[in-house]
Structures are given as C-alpha cells and as structure tokens.
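Observations on the three-dimensional arrangement
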Amino acid sequence: MHVLVCGGGGYIGSHMLKKLAAGGVELSVLDNFSTGHREAVRWGTLIEGDLLDPASLERAFAGRRFDAVMHFCARSLVGESIAQPYDYYANNVSGTLNLLQAMRAHDVRRLVFSSTAAVFGQPVSERIDEDHPKAPINPYGASKLMVERILADAASAYGLRSVALRYFNAAGASPDGDIGESHQPETHLIPNVLRAALGSGPALKVFGDDYPTPDGTCVRDYVHVDDLAQAHQLALAYLDDNAGAHAFNLGNGHGFSVREVIAAAQAVSGQEIGYTVEPRRPGDPSVLVASSEKARRVLGWSPAYTALEPIIASAWRWHRAQPY
Ligand code: UDP
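Report follows, based on the coordinates.

1. Looking at the overall build of the protein
If you tally the helices and strands in the protein, you get 10 helices and 14 strands. For 324 residues, the compact-globule estimate of 2.2 N^0.38 gives 20 Å, and the C-alpha radius of gyration of the protein, at 19 Å, lies within 12% of that figure. Pairs at least 24 apart in sequence give 78% of the contacts found in the protein among residues at least 6 apart. Total accessible area on the protein stands at roughly 13,400 Å², and carbon and sulfur atoms take up 50% of it. For the protein, the separation between the mean place of its 28 positive charges and that of its 35 negative charges on side chains is 3 Å.

Next up, the structure:
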C-alpha cells in the first residue's frame, strides 16, 4: 500500500504519517511548507510541491503508483478566511480540484479528505450529526463544503471513492512528545493557553464571554489528533468495500468551554493562567459538539481520549519540550 499524504508537514498530517508508517504503509508526502514544518516530515519520501501548481503535482504523481491519497492541505483559520476569502477558495477549492484532476489522470481512485465542523454553521441541535443542516457562516467552512459537493459529483462521474472527515477541534500531541501542534502565528486555544502557562506566548485572550453558554464562553468538542489519525486509517479501509462519497463527523461528543479548557490547563501545568476577556472573534459559532455515532457504528472508530485533561496533558508534554 502506497499512500500520498498531502500536507504531511502539518499538525494532523504529521501524526497521520507516524501512524501509517507504524502500520508499514509506504508514504510519499507532498507539502509546500506554507504552514507545515519540514521537521515534522519524519516518515516517507518528501516531494515539495504546491496544489496550486499543477506541474508540481504532475512531478509527484509521475512514476509512482499511489493506492490512495490523504489530503490535509488547507488554509484552516476561521478569522483569516473572513479577511482573505480569495486565498481560502483558491487554496482549499482550486487546489483540491487540481489534486483531484491529477488523481484522475493517474487513475488514483481513493481519497480521505480533511473536512471540518465549520461546514455546519450555527448548530440547530445539541449534538451535530451528519444530517445536520450545512450552512457555513465563514469562507473556511464554505470552502470545505464546496469540496464535499465536488467529491459527490466525482463519485458519480468518475467513480472516485472518498471519505470526508469533519473534524471538530483537533487537539493534543503524540504521547512520545516527538510531534505536536505548532502554527505561526498561533491562533488555537489550547496551544495559546499552554504557551501562556509556560510564559512563552503572548498574554492569553478569551474571545467573548457573552455567548449563550453556561459560562458565556464558546463551547467546543476537543478530539485527540491520534484519534483523528485512527479514523483516517479506518476510513481508508472502508473504501476497499464501499464506492461513493461518504462523510463522518469526528469529535468525542463532549463540549468544553474556553474557561474549562483554561482550568484543565491550570490543573495539568500547575501554573496559574491569567487572561483578559476580549470581544468575540468574527465567525465563531457559540457551541460545536459532535455526534460521532456514525463513525463509531460504520467505521468502528473508538477514540482513546474522551476526557479533556489527558488531551491537554499530551499537548503540555510537547509544548514544554519546545525551545520557545
Ligand atoms: N479562543 C480564545 N482565545 C484564543 C484562541 C481561541 O478565546 O487565544 C477561543 C475561540 O474564540 C473559540 C475557541 O477558543 O471559541 C476555540 O478556538 P480555536 O481557534 O482553538 O478553534 P476553532 O474552534 O476556531 O477551530
């Protein structure tokens, strides 16, 4: 089995490489390192290339026979997507179309695609399952939903088999502490909280405490990155026997508020973590919590991490070892 991992230098992509390599899968990795990290590509053959450059895709596919593609390349920040929508539609939609065309040209018929909870917009039910209305409220979610639609059309027209995995909030790090979450600039809550605990990041800001939630701060469903990687492996196996375009929501089914995340990080780190309350961040829904019953039932997914503290503890181990 030879898998092309697009975006293997990124947070979730690098954890995927580690898991696939442990399973003996042959790996090629395509990355342009716009947001990913060279040092995170510790497994597989690196091909530097850009989805917006069809020539570099051709270089990646020529002379190799991939059984499947896992596609993690994307711009993925809600606020940035509102400020720079063209970049989001270009990278996430046009870039993916280029990849799909290269796959078709080289007769690669299986894809596991990174989608997002942002395809749903404001929730209309307590837990979001796959049938929840899809009404994205920011260009990031809209760009991913467009790709999901393209994948459905590609299944009908070209027989492409695909699984879109809609991540809720990816969190944590490999328990060995060799890879973790690092963005430049960092915008995600858990890394920002832990860097504040280490005294190595900017002062922590909480974006909004007037949401209609129990403590007024946004509620999210944090799912461990290794559990996400496990779901990708299961999704790939699912495509052996299942034609068509499929989608699964991946979260652990429990919502935690921003304040609860800060409290858990204080417990894990033993540090007092101060913060200021700032205005709401544009494009943030108040609550996003998954129902992942379908992934459990159909894929046999069984996330190892359900509580918040062990997830934060794995991230803390990694952050503490960084030369900030
Ligand atoms: N958040 C925050 N301070 C930060 C980063 C994030 O208050 O420094 C909030 C953010 O407004 C959202 C939640 O934490 O309600 C999770 O944000 P994150 O960027 O981690 O993930 P997202 O839900 O946008 O994918």
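2. So, the site of the ligand
Neighbouring the ligand are 14 residues, the closest being Leu189, Lys205, Arg220, Arg281 and Asp284. Contact between the ligand and Lys205: a nitrogen atom at 2.7 Å from a main-chain N or O atom of the residue. The separation between an oxygen atom of the ligand and a polar side-chain atom of Arg220 is 2.9 Å. Surface burial for the ligand is 90%, taken as the share of its 510 Å² of free accessible area covered by protein chains. Elements supplying a minimum of two residues to the shell around the ligand: helix 6 (189-198) and strand 8 (204-207). No other element matches the 3 residues that strand 8 contributes to the shell around the ligand. Of the residues contributing to the shell around the ligand, the split by class is 6 nonpolar, 4 polar and 4 charged.

3. Concerning the sheet that holds strand 14 (residues 287-288)
Sheets are built from strands paired through backbone hydrogen bonds, the pairs being either parallel or antiparallel. Spatially, 12-9-14 is the arrangement adopted by the 3 strands of the open sheet, whose pairing is mixed. Bordering the open sheet on either side are strand 12 (256-257) and strand 14, each of which pairs with just one other strand. The pairing of strand 9 (residues 219-220) with strand 12 spans 2 bridges and is antiparallel. Note on strand 12: the bridge partner recorded for Arg220 is Phe256.

4. Here's the deal with the nonpolar core
Counting 35 residues, the largest nonpolar core has Val3, Leu20, Leu27, Met70, Leu165 and Leu250 as its most contacted members. Contributing elements (two or more residues each) for this core: strand 1 (2-6), helix 1 (11-22), strand 2 (26-31), strand 4 (68-71), strand 6 (161-167), helix 7 (225-241), strand 11 (245-250) and helix 9 (293-299). Considering each element in turn, this core owes the most residues, 8 residues, to helix 7. Ranked by size, the runner-up nonpolar core spans 25 residues in total, among them Leu51, Val108, Leu151 and Ala164.

5. Side note on the sheet that holds strand 4
Here we have 7 strands laid out as an open sheet, ordered 3-2-1-4-5-6-11, and parallel in their pairing. One side of each edge strand has no neighbouring strand; the edge strands of this open sheet are strand 3 (45-48) and strand 11. Strand-to-strand, the axes of this sheet are offset by a mean angle of 20 degrees, without reference to chain direction. Sheet topology places strand 4 next to strand 5 (residues 110-116); 3 bridges connect them, and they run parallel. Residue pairing for strand 5: Met70 is matched across the bridge by Val112. Across the sheet, helix 5 (residues 139-158) lies against strand 5, strand 6 and strand 11, angled at about 155 degrees from strand 5, the strand it touches most. Seen against the sheet, helix 7 touches strand 1, strand 4, strand 5, strand 6 and strand 11 and runs at an angle of roughly 160 degrees to strand 6.

6. What to know about helix 8 (residues 258-269)
Residues three or four positions apart in an α-helix share a direction because the helix packs 3.6 residues into each turn. Helix length check: helix 8 (12 residues) gives 16 Å between terminal C-alpha atoms against 16 Å at 1.5 Å per residue, within 8%. Considered for burial, the residues of helix 8 that qualify are Val258, Val261, Ile262, Ala264, Ala265 and Ser269. Here the buried residues of helix 8 occupy an arc of 165 degrees about the axis, which is enough to place them on one side. Those residues of helix 8 that are buried lie in contact with helix 6, strand 8, strand 10 (222-224), strand 12, strand 13 (275-278) and helix 10 (308-320). Directly after helix 8, the chain includes Gly270, whose backbone phi takes a positive value near 70 degrees.

7. Things to note about the packing of helix 1 against helix 7
Between helix 1 and helix 7, the least distance of the axes is 9 Å, while the angle of their chain directions is 60 degrees. One element, helix 1, and the other, helix 7, form an angle in the oblique class. Viewed along their axes, helix 1 and helix 7 form a crossing whose handedness is right-handed. Along the contact surface, helix 1 presents Tyr11, Ile12, His15, Met16, Lys19 and Leu20, while helix 7 presents Val225, Asp226, Leu228, Ala229, Gln230, His232 and Gln233. Grouping the amino acids of the contact of helix 1 with helix 7 by side-chain chemistry returns 7 nonpolar, 4 polar and 2 charged.

8. Some points on the packing of aromatic side chains
In this structure the tally under the stated criterion is 3 aromatic pairs. Plain terms: the ring middles of Tyr88 and Tyr140 are 6.4 Å apart, the flat faces sit at 85 degrees to each other, and that makes the pair edge-to-face. Taken together, the positions of Tyr88 in helix 4 (residues 85-105) and Tyr140 in helix 5 put the pair 52 residues apart, joining distant regions of the chain. For the pair formed by Tyr88 and Tyr140, the shared burial category is buried. Measuring from ring centre to ring centre gives 5.8 Å for Tyr238 and Phe248, while their planes differ by 85 degrees; the resulting arrangement is edge-to-face. Here the residue Tyr238 occupies a position in helix 7, and Phe248 occupies one in strand 11, the gap between them amounting to 10 residues. Summarising the burial analysis for this pair, Tyr238 and Phe248 share the class buried.

The rules behind these values
Residues numbered from 1 in each chain as written. Predicted model: local features only at pLDDT ≥ 70, side-chain atom pairs only at ≥ 80, totals over all residues. Heavy atoms only, no water. Helix = DSSP H or I, 4+ residues; strand = E, 2+ residues; numbered from the N terminus. Rg over C-alpha atoms; globule rule 2.2 N^0.38 Å. Contact = heavy atoms within 4.5 Å. Areas by Shrake-Rupley, 256 points an atom, 1.4 Å probe, with all protein chains shown as cover. Lys, Arg positive; Asp, Glu negative; His and termini not counted. Charge placed at Lys NZ, Arg CZ, Asp CG, Glu CD. Near = heavy atom within 4 Å. Polar contact = N/O pair within 3.5 Å; in protein donor to acceptor, adjacent residues only side chain to side chain. Nonpolar A, V, L, I, M, F, W, Y, C, P; charged D, E, K, R; others polar. Pairing = 2+ DSSP bridges. Core = buried A, V, L, I, M, F, W, Y, C linked by side-chain atoms within 4.5 Å. Buried < 20%, exposed > 50% of the residue type's maximum accessible area, 1.4 Å probe, protein only. Axes fitted to C-alpha atoms, helices over the stretch in contact; angles between N-to-C directions. Expected span 1.5 Å × (residues − 1). Arc of directions from axis to C-beta. Parallel < 35°, antiparallel > 145°, perpendicular 65-115°, else oblique. Left-handed = near helix turned anticlockwise from the far one by under 90°. Phe/Tyr/Trp six-rings, centres within 6.5 Å; stacked < 30°, edge-to-face > 60°.

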